[in-house]
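# Tertiary structure, described
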Amino acid sequence: MQVVAVMNYKGGVGKTTLTANLGAVAARRGLRVLLIDLDPQTNLTFSFYSIDEWHHQLKDTGRTIKRWYEDELPGRDTPLADLVVTPERINAVLGGAGGCVDLISSHLGLIDIDLELAARLGGATTLEGSKRKFLDLHGCLRRALADDQFAGYDLVLIDCAPNFGLVTKTAIVASEQILVPAKADYLSTLGLDYLVGNLRALVDQFNDFVHHKGGDRSHRPIDPGVLGVVFTMVQIYSQQVVLAQHNYIEEVRLNSRVPVLESKIRNSPRHFGDAGETGVPAMLRATGRDDVVKEFDQLTDEVLGALGVKPEENR
Ligand SMILES: Nc1ncnc2c1ncn2[C@@H]1O[C@H](COP(=O)(O)OP(=O)(O)O)[C@@H](O)[C@H]1O
Ligand SMILES: [Mg+2]
């Protein structure tokens, strides 16, 4: 099982669209995919459930990630596996032939949880205690996903909120790789090195505490890699990336610490506009002749290739 966090400090760069469609295309290839929505905006969840369905089937039955993070130590009273749901419409389209998409849904109230978690982090009275608390809180999602009940998944994609709060940090600690969707413009590319710097600082602190804490050895060092930047909503004109965007992409490729993926996703309001039917990501509804479908196929090849993930029959 490979865990990938999809993140960027900026909102509106295509994180959720990429998570839903990459997951869907991977599932169509026979992979068992778990999507985790850690953004309080809950857009990934609403890609699979209507607001009404979310209220009745998920929120009112307590099957959202908010309930999990609310535990004194997330996961102590609520097993993460209890929150997994199987969205109907996408899985009907997938037809149950090997691949599937499951989801852990988000909740608008997750926005308050970051502060609560941070307060808990400050509650320890000894240095030893505060290190342990740091590891237990930051490592909570990693520990939960190591449970046998998740062993059947090939790929876990985590859609993160556009911030570096504690909830996002639990996703990074849980991940083997980080994927960074970005638009090819000045502001979107400006924050990339900053993001990688913060990522490294978190990893160093976590590993430092793992090594120097003594006693409890249940946390292992982490080493999440940065899979790279995927440029999204790229403007194509006459089969070429428009010049200004081409220049931004090359600028990042040459000068940034973050690798840039070969694959790009074009701007395609026709596929990703609001008219889409809820429940089935655009790449499962469109025909294979569309350029953007080919781009998502290429992205899936590139990501799965880098992760070394294959469907069962090809292993
Ligand atoms: N390749 C694309 N072409 C056109 N519109 C897109 C594309 N990707 C995403 N969008 C649209 O842009 C908006 C922001 O995308 P979203 O995935 O929600 O970003 P984020 O999760 O980073 O906030 C949404 O309305 C989405 O439908
Ligand atoms: Mg989003």
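My aim in this report is to walk through the structure given alongside it, one point at a time.

What counts, and at which threshold
- Residues numbered from 1 in each chain as written.
- Chains lettered and ligands numbered in written order.
- Predicted model: local features only at pLDDT ≥ 70, side-chain atom pairs only at ≥ 80, totals over all residues.
- Heavy atoms only, no water.
- Buried < 20%, exposed > 50% of the residue type's maximum accessible area, 1.4 Å probe, protein only.
- Helix = DSSP H or I, 4+ residues; strand = E, 2+ residues; numbered from the N terminus.
- Pairing = 2+ DSSP bridges.
- Contact = heavy atoms within 4.5 Å.
- 1 Å grid on protein atoms, 1.4 Å probe; cavity = no way out; pocket = protein on both sides within 12 Å on 5 of 7 lines; lining within 4 Å.
- Points joined across faces, edges and corners; volume = space filled by probe spheres on them.
- Nonpolar A, V, L, I, M, F, W, Y, C, P; charged D, E, K, R; others polar.
- Near = heavy atom within 4 Å.
- Polar contact = N/O pair within 3.5 Å; in protein donor to acceptor, adjacent residues only side chain to side chain.
- Sits in = over half its atoms within 2 Å of the grid points.
- Salt bridge = Lys/Arg side-chain N within 4 Å of Asp/Glu carboxyl O.

On to the pairing of strand E7 (residues 225–234). Of all 10 residues in E7, 9 are buried, a share of seventy percent or more. Strand direction decides the pairing type here: strand E6 (residues 177–183) and E7, joined by 7 bridges, are parallel. Counted as the bridge partner of glutamine 177 is glycine 225 from E7. Bridge count between E7 and strand E10 (residues 260–266): 3 bridges; the pairing is parallel. Looking at E10, one finds that valine 234 is bridged to arginine 266.

Here leucine 31 is to be found in the loop between helix H1 (15–28) and strand E2 (32–38). Given the relative accessible area of 0%, leucine 31 is considered buried. C-alpha separation for the pair leucine 31 and isoleucine 111, spaced 80 residues apart in sequence, amounts to 31 Å. Not counting chain neighbours up to four residues away, the residues in contact with leucine 31 comprise Ala26, Gly99, Cys100, Asp154, Leu304, Val309, Lys310 and Pro311.

Time to look at the layout of surface pockets. Taken as a whole, the largest pocket encloses approximately 840 Å³ of empty space. Around the largest pocket sit 36 residues that line it, and Thr16, Thr17, Ser47, Phe272 and Gly273 are the ones nearest its centre. Those elements that provide at least two residues to the lining of the largest pocket are H1, helix H2 (43–46), E7, E10, helix H13 (269–272) and helix H14 (282–285). No other element matches the 6 residues that H1 contributes to the lining of the largest pocket. Residue composition of the lining of the largest pocket, by class: 13 nonpolar, 17 polar and 6 charged.

Lining the immediate environment of ligand 1, one finds 14 residues, of which Gly12, Thr17, Arg266, Ser268 and Phe272 sit closest. Within the backbone of glycine 14, a nitrogen or oxygen atom sits 3.0 Å from an oxygen atom of ligand 1. Here asparagine 267 contributes a side-chain N or O atom positioned 3.4 Å from a nitrogen atom of ligand 1. Most atoms of ligand 1, that is more than half of them, are within 2 Å of grid points of the largest pocket.

Inspection of the entire model under this criterion finds 13 salt bridges. Close ionic contact of lysine 59 with aspartate 60 constitutes a salt bridge, the shortest N to O distance being 3.4 Å. Here arginine 120 makes a salt bridge to glutamate 116, at a shortest N to O gap of 3.6 Å. Taken together, the residues span about one helical turn, with arginine 120 and glutamate 116 both in helix H6 (residues 110–121) at a distance of 4 residues. Assessed through its relative accessible area of 12%, arginine 120 is described here as buried. The network of salt bridges with shared partners includes Arg29, Asp297 and Asp301.

By the secondary structure assignment, serine 106 is in the loop between strand E4 (100–104) and H6. Within the local environment of serine 106, its side chain forms a polar contact with the backbone oxygen of aspartate 39, the two atoms lying 2.9 Å apart. Contact partners of serine 106, with chain neighbours within four places excluded, come to Asp37, Leu38, Asp39, Pro40, Thr42, Thr45, Trp54, Thr64 and Ile65.

The bulk of non-glycine residues show a negative phi, and the bulk of peptide bonds are trans. Positive phi, close to 60 degrees, is recorded for threonine 42, a residue that is not glycine. Here threonine 42 lies in the loop between E2 and H2. Given the relative accessible area of 0%, threonine 42 is considered buried. One non-glycine residue, serine 238, adopts positive backbone phi at about 50 degrees. Assignment of secondary structure puts serine 238 in the loop between strand E8 (236–237) and strand E9 (240–241). On the basis of relative accessible area, serine 238 is assigned to the exposed category, the value being 58%.

Read these as layout, nothing more, since geometry by itself doesn't imply function.
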